[in-house]
Amino acid sequence: MRLIDGQGRLLGKVSLLDLGALAIVVAAIVAVLFLPGRQAGSVVQVGGGPTLPVEVDMIVRGISSRSIEPFQVGQKADLIIRNQPYGQVEVVRVENVSRTVPVVFPDGRVENLPDPEPYRFDLVFTLRGRGQRTENGIVLGNNRVKVGVPLELETFSYNLRGTVMDVRLLQS
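Per chain, residues are indexed from 1 in the order of the written sequence. Side-chain atom pairs in this predicted model are given and counted only at pLDDT of 80 or more, local residue features only at pLDDT of at least 70, and totals for whole chains, interfaces and linings cover all residues. The side-chain figures draw on all heavy atoms in the structure; neither hydrogens nor water molecules are used.

This part is about the packing of aromatic side chains. Between rings of Phe, Tyr and Trp, where Trp is taken as its six-membered ring, a pair exists when centres lie within 6.5 Å; planes separated by under 30 degrees are stacked, by over 60 edge-to-face, and by other angles tilted. Per the stated rule, a full pass over the model turns up three aromatic pairs. With 6.2 Å between their ring centres and 35 degrees between their planes, F125 and Y158 make a pair best called tilted. Taken together, the residues F125 in strand β8 (residues 120–134) and Y158 in the loop between β11 (150–154) and β12 (159–169) connect sequence positions 33 residues apart. For the residue pair F125 and Y158, the accessibility class agrees, reading buried in each case. Site record: aromatic cluster; members linked through ring pairs are F71, F125 and Y158. Working rule: Lys NZ or Arg CZ, within 6 Å of ring centre, within 35 degrees of ring normal, means a charge sits over the ring. If you follow R66 out to its NZ or CZ, it ends over the ring of Y119, 5.4 Å from the centre. Numbering goes from the N terminus for both helices and strands, where a helix is a DSSP run of H or I of at least four residues and a strand is a run of E of at least two. Partly exposed residues are those whose accessible area sits between 20% and 50% of the maximum for their type, while under 20% is buried and over 50% is exposed, using a 1.4 Å probe and protein chains only.

Written out as structure tokens, the structure is:
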């Protein structure tokens, strides 16, 4: 009796292709369960260092509102970073950066006038909270905050979605 027969079966019972497939599946399961992968660092994993005052500039484009009055400096707002609640931050500055349109007048002069769409604003919010400095950047809650990260800001009067423009550690 031969070890491998003419049809590729071991001892005439088990196909070598089936054994190869089984070995690949077992190796994949072992790799997933026992080999460490790259995991996101959180504040707990970082070591829970001291929290420092942090300012974040957030831009929100295309706000539909009759005026910018609801967006007041000094308000407390709930901040959500990448769909994860952070807690409350303070709104320390609101800047209207709505677009302007160049208009040419008959006498040849050109003036930049506000966009003619009356109920649409672009605003930059400066938010102040507490975070930690890590080797990978600034962390608020368990989320690294960098330029381009999506944020959501919510108060009693509004709920806005925007992105981070700048992150700064403040001097204590």
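Turning our eyes to something else, we now look at unusual backbone geometry. Non-glycine residue R82 carries a positive phi angle of around 50 degrees. A relative accessible area of 40% places R82 in the partly exposed class.

On to the pairing of β11, then. What makes two strands pair is DSSP finding at least two bridges between them. Examined bridge by bridge, strand β4 (residues 76–81) and β11 share four bridges and lie antiparallel to one another. Residue pairing in the sheet places I81 in a bridge with L151 of β11. Sheet analysis places β11 next to β12, joined by five bridges and oriented antiparallel. The residue bridging P150 from the neighbouring strand is T163, located in β12. Counting the residues that bridge the hairpin from β11 to β12 gives four residues.

So, about the pattern of salt bridges. As a working rule, side chains carrying opposite charge can pair if their charged atoms are close by. Should a side-chain nitrogen of Lys or Arg be within 4 Å of a carboxyl oxygen of Asp or Glu, the pair is scored as a salt bridge. Taken as a whole, this structure holds 10 salt bridges when the rule is applied. Between D122 and R99 there is a salt bridge; the shortest N-O distance is 3.6 Å. Of this pair, D122 sits in strand β8 while R99 is found in the loop between β5 (84–96) and β6 (100–104), placing the two residues 23 residues apart along the sequence. Across the pair R109 and E111 runs a salt bridge whose closest N-O atoms are separated by 2.3 Å. Judged by relative accessible area, R109 falls into the partly exposed class, the value being 38%. For E111, a relative accessible area of 33% corresponds to the partly exposed category. Linked through salt bridges whose partners overlap, the residues forming this network are E55, D57, R128, D166 and R168.

So, about the nonpolar core. Throughout this description, the term nonpolar core refers to a set of buried Ala, Val, Leu, Ile, Met, Phe, Trp, Tyr and Cys residues connected via side-chain atoms within 4.5 Å. One finds L79, F125 and L153 to be the most contacted residues of the largest nonpolar core, which totals 26 residues. When contributions to this core are tallied by element, the ones reaching two or more residues are β3 (52–64), β4, β5, β8, β9 (137–140), β11 and β12. Tallying contributions element by element places β3 first for this core, with five residues. Residue contacts are counted whenever heavy atoms from the two residues lie within 4.5 Å of one another. Leaving out residues up to four positions away in the same chain, L153 has contacts with M58, A77, D78, L79, V89, F125, L127, Y158, N159 and L160.

Now for the side chain of N143. On the secondary structure map, N143 appears in strand β10 (residues 143–145). On the basis of relative accessible area, N143 is assigned to the buried category, the value being 12%. The contacts of N143, once residues within four sequence positions are left out, are I81, R82, Q84 and I138.

The values are spatial; any link to function lies outside them.
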